[in-house]
Amino acid sequence: MKVAAGKPKSLYIGLDIGTSKAKALLMTEKGKVIARETYEYSTYISHAGKVEQDAREWLQAAKTMIKNLVQRLPPAHEVRAISISTQGGSLLLADKEGNPLANAIIWQDQRGHKYRQTVIDTLGQEYIHRITGWQLGSELNLLQMLRIRQELPELWLKADYFLSVADYLSLQLTGRAALDPANAGINQLLNIQRQCWDEKILQMLRIGQEKLPEIIASGTVISPLLPAITRELDLPERTLLISGGHDQYCAALGAGANR
């Protein structure tokens, strides 16, 4: 398709906010890679099973990589949209503006293990597997939330949002906390058949849906980026954020493993 004279051609940015580092691609609509970026961040580990990251580093990684890619745009091109794949099963407690109240708990953290029996006694392992698509493990958001409610009640009460990676970044970049179904399922809070937060699981946690992000289908527009963000990152005002997915699912799709 011919582009009218003077109208910039569209390019797209894919961000991968992974467990050990972040990666980014600038690409055409057909997937031709124009430029790449990486950004490493810190992980805080203790012998007690703690594995945490500073969520603000995820945001700094995203902003730095976007800005670097924008500086490498070919002439007569602009960024039309951004989408994010992320590590799954990581938990962040935040205030109503999305500011972290503590370090994020990474999916490798094992401190939720002792609360497995609470879930088994209340709902059962089969219920969690059938509803969320994931077996009850030792580390994902459901168990970590039970642990925090029991062991850190002051932090629990301060939390306006219980987020993971993609929804935290969505809130920071657009003002709208939105999460794709794949990551929501890994968090073990989503009813994957109905595509909504599971009422029984939320009752067990004693929280309402207002403390969780919206579920936005992968490939769907979440929102244009906030004006302050587009100015900061030298992006067009109409740049969109598109709902992405869990990083391993996205990698499988990119490799053509879609059956």
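Right above here is the structure, for reference.
Residues numbered from 1 in each chain as written. Predicted model: local features only at pLDDT ≥ 70, side-chain atom pairs only at ≥ 80, totals over all residues. Heavy atoms only, no water.

A. Quick peek at the overall build of the protein. Counting its regular elements, the protein contains 10 helices and 15 strands. In summary, the protein has a C-alpha radius of gyration of 19 Å against a globular reference of 18 Å for 259 residues, a match within 12%. Across its three principal axes, the protein shows a C-alpha extent of roughly 65 × 35 × 30 Å. Residues classed as buried in the protein amount to 51% of the 259 residues present. Of the roughly 12,800 Å² of accessible surface on the protein, a fraction of 50% belongs to carbon and sulfur atoms. A gap of 6 Å separates the mean positions of the 30 positive and 27 negative side-chain charges of the protein. (Helix = DSSP H or I, 4+ residues; strand = E, 2+ residues; numbered from the N terminus. Rg over C-alpha atoms; globule rule 2.2 N^0.38 Å. Buried < 20%, exposed > 50% of the residue type's maximum accessible area, 1.4 Å probe, protein only. Areas by Shrake-Rupley, 256 points an atom, 1.4 Å probe, with all protein chains shown as cover. Lys, Arg positive; Asp, Glu negative; His and termini not counted. Charge placed at Lys NZ, Arg CZ, Asp CG, Glu CD.)

B. Structural view of unusual backbone geometry. With a phi angle near 65 degrees, Gln188 is a residue other than glycine that sits in the positive phi range. Of note, the phi angle at Gln195 is positive, near 60 degrees, even though the residue is not glycine. If you trace the backbone, Gln195 turns up in the loop between β11 (190–191) and β12 (196–197).

C. Quick peek at the sheet that holds strand β4 (residues 44–45). Spatially, β4-β5-β8 is the arrangement adopted by the 3 strands of the open sheet, whose pairing is antiparallel. Of all strands in the sheet, those bounded by a partner on one side alone are β4 and β8 (104–105). Bridge count between strand β5 (residues 51–53) and β8: 2 bridges; the pairing is antiparallel. Directly across from Glu52, in β8, lies its bridge partner Ile105. (Pairing = 2+ DSSP bridges.)

D. Focus on empty space enclosed by the protein. Across all of its chains, the model carries 2 cavities of 30 Å³ or more by this definition. As a volume, the largest cavity reaches approximately 60 Å³. Broken down by secondary-structure element, the contributors of at least two residues to the lining of the largest cavity are α6 (165–174), β10 (178–179) and β15 (240–246). Per-element accounting of the lining of the largest cavity gives the leading share, 4 residues, to β15. (1 Å grid on protein atoms, 1.4 Å probe; cavity = no way out; pocket = protein on both sides within 12 Å on 5 of 7 lines; lining within 4 Å. Points joined across faces, edges and corners; volume = space filled by probe spheres on them.)

E. Representation of the nonpolar core. Ranked by internal contacts, the top residues of the largest apolar core, which has 42 residues, are Leu15, Ile17, Trp58 and Ile82. Only β1 (9–17), β2 (21–27), α1 (55–70), β6 (77–86), β7 (92–94), β9 (161–163), α6 and α9 (227–233) provide two or more residues apiece to this core. With residues up to four places along the chain from it excluded, the contact list for Ile82 reads Ile13, Leu15, Ile66, Leu225, Leu235, Thr239, Leu240, Leu241 and Ile242. Residues Leu93, Trp156, Ala159 and Ile207 belong to the second largest nonpolar core, which totals 30 residues. (Core = buried A, V, L, I, M, F, W, Y, C linked by side-chain atoms within 4.5 Å. Contact = heavy atoms within 4.5 Å.)

F. Highlighting the side chain of Asp109. Take Asp109: it is sitting in the loop between β8 and α2 (116–122). Asp109 gets classed as buried once you look at its relative accessible area, which sits at 0%. For Asp109, the side chain forms a polar contact with the side chain of Arg111, separated by 2.6 Å. (Polar contact = N/O pair within 3.5 Å; in protein donor to acceptor, adjacent residues only side chain to side chain.)

G. Highlighting the sheet that holds strand β3 (residues 33–40). Reading across from one edge, β3-β2-β1-β6-β15-β14 is the order of the 6 strands in this open sheet, with mixed pairing throughout. Across the chains shown, the open sheet's two edge strands, defined by having one partner strand only, are β3 and β14 (221–224). The average angle at which neighbouring strand axes cross in this sheet is 25 degrees, direction not considered. Where β1 meets β2, 6 bridges bridge the pair, whose relative direction is antiparallel. What sits directly across from Gly14, in β2, is Leu25. Strands in contact with helix α10 (residues 247–254) are β1, β6 and β15; relative to β15, the strand with the most contacts, it is inclined by about 95 degrees. (Axes fitted to C-alpha atoms, helices over the stretch in contact; angles between N-to-C directions.)

H. Broad picture of the side chain of Thr230. Mapping Thr230 onto the fold places it in helix α9. Assessed through its relative accessible area of 3%, Thr230 is described here as buried. Residues in contact with Thr230, not counting those within four places in the same chain, are Leu225, Leu235, Pro236 and Glu237.

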